[in-house]
Amino acid sequence: YNKVDNLPHIKKSFVGSGIRYDLMSEEYGKELITKHVSGRLKVAPEHTSSSVLKLMRKPSWEQYERFYHFFEKVNDEAGLRQQLIPYFISSHPGCTNKDMQQLAERCRQMHYHPEQVQDFTPTPMTASSAMFYSGMDLKTLQPIFVERNQENKKRQKSYFFSRR
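What you see is a predicted model; the values in this text were computed from it and never measured.

Draft legend 1. Structural detail: the sheet that holds strand β2 (residues 83-90). Spatial ordering of the open sheet is given by β1-β2-β3, a layout of three strands whose pairing is parallel. Unpaired on one side and paired on the other, β1 (40-46) and β3 (118-119) mark the two borders of the sheet. As paired strands, β1 and β2 are joined by five bridges and run parallel to one another. Looking at the pairing, E46 lines up with F88 of β2.

Draft legend 2. Seen up close, the packing of aromatic side chains. This structure, assessed with the given rule, holds ten aromatic pairs. Between Y21 and F67, the aromatic rings sit 5.6 Å apart at their centres with planes inclined by 25°, giving stacked as the arrangement. Linking Y21 in the loop between α1 (2-5) and α2 (26-35) with F67 in helix α4 (residues 61-78), this pair joins segments that are 46 residues apart in sequence. Accessibility assignment for this pair places Y21 and F67 in one class, buried. Aromatic side chains W61 and Y64 sit 4.7 Å apart centroid to centroid with 35° between the ring planes, which places their arrangement in the tilted category. Of the two residues, W61 and Y64 both sit in helix α4, three residues apart, roughly one turn of that helix. Residue W61 shares its accessibility class with Y64, and that shared class is buried.

Draft legend 3. Layout of a nonpolar patch on the surface. Taken together, the side chains of V4, L7 and I10 make up a nonpolar region of the molecular surface, amounting to roughly 230 Å² of accessible area. Structurally, I10 is set in the loop between α1 and α2.

Draft legend 4. Region of the structure containing the packing of α2 against α4. Interaxial distance between α2 and α4 falls to 10 Å at its minimum, and their mutual angle equals 55°. One way to sum up the angle between α2 and α4 is to call them oblique. The handedness of the crossing between α2 and α4 is right-handed. Listed contacts from α4 to E26, G29, K30, I33 and T34 of α2 are F67, F70, F71, V74, N75 and A78.

Draft legend 5. Quick look at unusual backbone geometry. Positive phi values are uncommon outside glycine, yet R57 reaches one of about 60°. Take R57: it is sitting in the loop between α3 (50-56) and α4. In this model, H111 sits at a positive phi of 60°, which is unusual for a non-glycine residue. You can see H111 is positioned in the loop between α5 (97-109) and β3.

The rules behind each value
Residue positions are given per chain, counting from 1 as you read along its sequence in written order. Since the coordinates come from a predicted model, pLDDT governs what is reported: local features require at least 70, and pairs of side-chain atoms require 80 or more to be given and counted, while whole-chain, interface and lining totals use all residues. Side-chain numbers here rest on the full set of heavy atoms in the structure, without hydrogens or water. Strands are treated as partners if at least two bridges between them are detected by DSSP. Secondary structure is summarised from DSSP: a helix means a run of H or I of at least four residues, a strand means a run of E of at least two, and numbering begins at the N terminus for each. Stacked, tilted and edge-to-face are the three classes applied to pairs of Phe, Tyr and Trp rings, where Trp contributes its six-membered ring and a pair requires centres within 6.5 Å; stacked means planes under 30 degrees apart, edge-to-face means over 60, and tilted covers the rest. Each residue is assigned to one of three classes by its accessible area relative to the maximum for its type, calculated with a 1.4 Å probe on protein chains only: buried under 20%, partly exposed between the two thresholds, exposed over 50%. What makes a patch is a set of residues exposed beyond 30% relative accessible area and free of salt bridges, joined within 9 Å when like-charged and within 5 Å when nonpolar (Val, Leu, Ile, Met, Phe, Trp, Tyr). Each accessible area is a Shrake-Rupley estimate made with a 1.4 Å probe; only the visible protein chains count as cover when residues are assessed. Salt bridges are identified by distance alone: a Lys or Arg side-chain nitrogen within 4 Å of an Asp or Glu carboxyl oxygen. Angles run from 0 to 180 degrees between N-to-C directions of axes, and those axes are lines fitted to C-alpha atoms, restricted for helices to the stretch in contact. Relative orientations are named as follows: roughly parallel for angles under 35 degrees, roughly antiparallel for angles over 145 degrees, roughly perpendicular for angles from 65 to 115 degrees, and oblique for any other angle. Definitions for this section: a left-handed crossing has its near helix turned counterclockwise from the far helix by less than a right angle. A right-handed crossing has that turn clockwise. Residues count as neighbours in contact if any of their non-hydrogen atoms are within 4.5 Å of one another.

Now the structure itself:
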């Protein structure tokens, strides 16, 4: 960031895409939040369910919550009013309606009102796609739930938008 900010005609540099909150140090996080966020920071916790996150190979929801509180604290200390914008996904292999209900409830508790939620779409060469097509956890080779019915996939997304 410093290298970019020191270029001629550059007043300030911002992060425009999502970040890996689970890998950042406190020092880096403070610099990022106070100097390189233009008002909204995108992150991808993707889910709250431990079992779904494990299948996604993503960090725990608790790690996201720690980052959320850190983000709020740094903003308060710096007198900033920035937003954390989480990204969520529905119908990932292993994700049930109950998992989506819990995710939607957790979002309501945190006063998140997502404008959009990404429905899982298999893409070539990914572990998630292999789980989608095989119906198995790739680590344990045990069967997992996979929602393939389009109406039920819509239902999973609908938990976020029931207030409308």
